[in-house]
Amino acid sequence: MNTWMITAALVLFGVLVSTALFFFVFTRGALVLRAMTPAGRSASAHVYPVYSNMKLIKLVDFQPIISAILLFQYHRLVSRIVAGMRQMDLKGKKVLITSCAFGNVIPRVVKAAIQGGAERVLIVDIIPNELDHARSKLGKYLDKVEFIEENATCMKLGDGVAAVNVIFFLLHELPHDLKGQTLNEAGRVLSPGGRLFLGEFHRPGLRVLRALSWAYFKVFEPLGLALWDTHDPVGYLEAKGSWKCERSTYFFGNFQIISATKPQSSEQ
């Protein structure tokens with residue numbers, strides 16, 4: 001093997017290792033340390049520093065980086081949500097985005113909502129810096145958007161206020177008991193017949209990819225593995241009543257978009 005090829009391989013390896021260490025330090029590693037302090041008992045104890053520190057937010061929230069983290073399926077996943085929204089009659093209604101997310105999902109969802117005739121878009125997050133960062137992305141749509149600092153597990157919004165609720169890659173980061181609470185709230189704030197669009201990881205079909213995903217979750221996102229079986233959002237919603245759920249999977253089943261329609265009755 002040529003010297004330049006060896007050098008290139010070592011440089012690539014160094015970049016990958018450094019990137020992995022960076023994300024571990026500011027994700028799971030930080031939570032382990034936080035659990036040893038009084039901050040580990042706060043309502044936002046599960047939130048990674050990479051999502052709360054504005055300098056880290058601006059450093060990481062770069063579209064090519066976010067797309068790479070989701071194995072370049074990001075655009076397809078968001079497009080599925082946007083396409084589903086465009087099939088709905090949103091005139092005079094409200095659209096809710098529960099928890100901010102990196103990348104362009106918020107601008108695209110807000111644009112689709114406004115173009116569809118939505119009266120208002122509500123963006124909820126427990127971290128003020130996330131709301132400020134989302135605000136910086138919305139430009140001409142700001143007069144149609146309301147930013148609300150609230151916990152996704154116990155929002156103060158009234159029952160049935162939104163026709164659409166979008167939750168994009170939040171559940172895998174939540175403790176298991178909060179996963180169910182978040183889905184309960186997602187249903188409560190939806191109007192009867194409203195739709196929940198949920199983007200998340202999914203159990204891959206390919207064994208090799210499944211093994212790699214399992215290793216990734218064990219190191220970086222141990223709470224996400226439960227989405228493969230015991231805390232499958234579709235199973236949870238369908239067990240609560242007559243929710244109508246449709247699941248689309250991507251990249252050999254590694255990712256999923258769930259479109260769940262709330263029953264017309266008060267049953268959730």
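Here the structure is shown first, and the text comes after it.
The following refers to the structure shown. Going along each chain's sequence as written, the residues are numbered from 1 onward. For this predicted model, a pLDDT threshold of at least 70 governs which residues receive local features, and a threshold of 80 or more governs which side-chain atom pairs are given and counted, while totals over whole chains, interfaces and linings are taken from all residues. By convention in this description, side-chain values take in all heavy atoms of the structure and omit both hydrogens and water.

Concerning the overall build of the protein
- Strands are runs of DSSP state E lasting at least two residues, helices are runs of H or I lasting at least four, and both sets are numbered from the N terminus onward. Counting secondary structure elements, the protein contains 10 helices and 7 strands.
- Here the globule rule reads 2.2 Å times residues to the power 0.38, and the radius of gyration is calculated from C-alpha atoms. Taking 268 residues into account, the globule formula puts the C-alpha radius of gyration at 18 Å, and the protein, at 19 Å, falls close to it.
- Its C-alpha atoms give the protein principal-axis dimensions of roughly 65 × 40 × 40 Å.
- Here the contacts in the protein between residues at least 6 apart in sequence split such that 73% fall between residues at least 24 apart.
- Surface accessibility of the protein: about 13100 Å² in total, with carbon and sulfur atoms responsible for 61%. Whether two residues touch is decided by their heavy atoms; if any such pair falls within 4.5 Å, the residues are in contact. We get accessible surface area from the Shrake-Rupley algorithm with a probe of 1.4 Å; when it comes to residues, only the shown protein chains can shield them.

A closer look at unusual backbone geometry
- Despite not being glycine, F251 has its phi angle at roughly 50°, a positive value.
- As for its placement among the helices and strands, F251 is situated in the loop between β6 (244-250) and β7 (255-261).
- At F252, a residue that is not glycine, the phi angle is positive and equals roughly 60°.
- By the element assignment, F252 lies in the loop between β6 and β7.

Quick look at the nonpolar core
- One finds M85, V95, I106, V110, V121, I123 and F168 to be the most contacted residues of the largest nonpolar core, which totals 51 residues.
- Sorting elements by how many residues they give to this core places helix α6 (residues 105-115) first, with 7 residues.
- In this structure I123 touches I97, C100, I106, V110, L131, L138, V145, E146, F147 and I148, once residues within four positions along its chain are discounted.
- Here, nonpolar core refers to any group of buried Ala, Val, Leu, Ile, Met, Phe, Trp, Tyr and Cys residues whose side-chain atoms link them within 4.5 Å. Residue burial is assigned from relative accessible area. The probe radius is 1.4 Å, only protein chains are included, and a residue is buried under 20% of its type maximum, exposed over 50%, and partly exposed in between. Listed in part, the 18 residues of the second largest apolar core include L183, L198, W243 and I258.

As for the packing of aromatic side chains
- Pairing of aromatic rings covers Phe, Tyr and Trp, the last counted by its six-membered ring, and requires centre-to-centre distances within 6.5 Å; plane angles under 30 degrees mean stacked, over 60 mean edge-to-face, and any other angle means tilted. Counted by the stated rule, this structure contains 12 aromatic pairs.
- Ring geometry for F201 against F217: centres 5.1 Å apart, planes inclined by 90°, an arrangement best described as edge-to-face. Of this pair, F201 sits in strand β5 (residues 190-201) while F217 sits in helix α9 (residues 207-219), and the two are 16 residues apart along the sequence. Take F201 and F217: they sit in the same class, and that class is buried.
- Lysine and arginine charges are scored as sitting over a ring when NZ or CZ, respectively, is within 6 Å of the ring centre and within 35 degrees of the ring normal. Positioned above the aromatic ring of F147, the side-chain terminus of R135 is 4.3 Å from the ring centre.

So, the environment of D229
- Of note, D229 is situated in the loop between α9 and α10 (233-239).
- For D229, a relative accessible area of 52% corresponds to the exposed category.

A few points about a nonpolar patch on the surface
- Excluding any residue in a salt bridge, patches collect residues exceeding 30% relative accessible area, merging like charges within 9 Å and nonpolar Val, Leu, Ile, Met, Phe, Trp and Tyr side chains within 5 Å. Within this document, salt bridges are pairs made up of a side-chain nitrogen of Lys or Arg and a carboxyl oxygen of Asp or Glu, the two lying within 4 Å of each other. There is a patch of nonpolar side chains on the surface, built from V32, L33 and M36 and spanning about 330 Å² of accessible area.
- Mapped onto the elements of the fold, M36 is located in the loop between α2 (28-34) and α3 (54-60).

Side note on the pattern of salt bridges
- Under the counting rule described, the total for this entry stands at 5 salt bridges.
- Here R188 and D159 are joined by a salt bridge, their closest N and O atoms 2.7 Å apart. Linking R188 in helix α8 (residues 176-188) with D159 in the loop between β3 (145-149) and β4 (162-168), this pair joins segments that are 29 residues apart in sequence.
- Beyond isolated ion pairs, a larger network of salt bridges with shared partners links D159, E185 and R188.

Observations regarding helix α7 (residues 128-135)
- What α7 keeps buried is the set E130, L131, H133 and A134. Each buried residue of α7 sits inside an arc of 160° when the element is viewed along its axis, so together they form one side.
- Looking at the packing, one finds that the buried side of α7 touches α3, α6, β2 (120-125) and β3. For this quantity, the arc is that covered by the directions from the helix axis to the C-beta atoms.

Description of the side chain of D232
- With respect to the secondary-structure elements, D232 resides in the loop between α9 and α10.
- As used in this structure description, the phrase polar contact means that two N or O atoms lie within 3.5 Å; if the pair is within protein, one of them must be able to donate a hydrogen and the other to accept it, and residues adjacent in sequence are counted only when both atoms belong to side chains. Within the structure, D232 has its side chain in polar contact with the side chain of R247 (distance 3.0 Å).
- Leave out the neighbours within four places in its chain, and D232 touches A226, L227 and R247.

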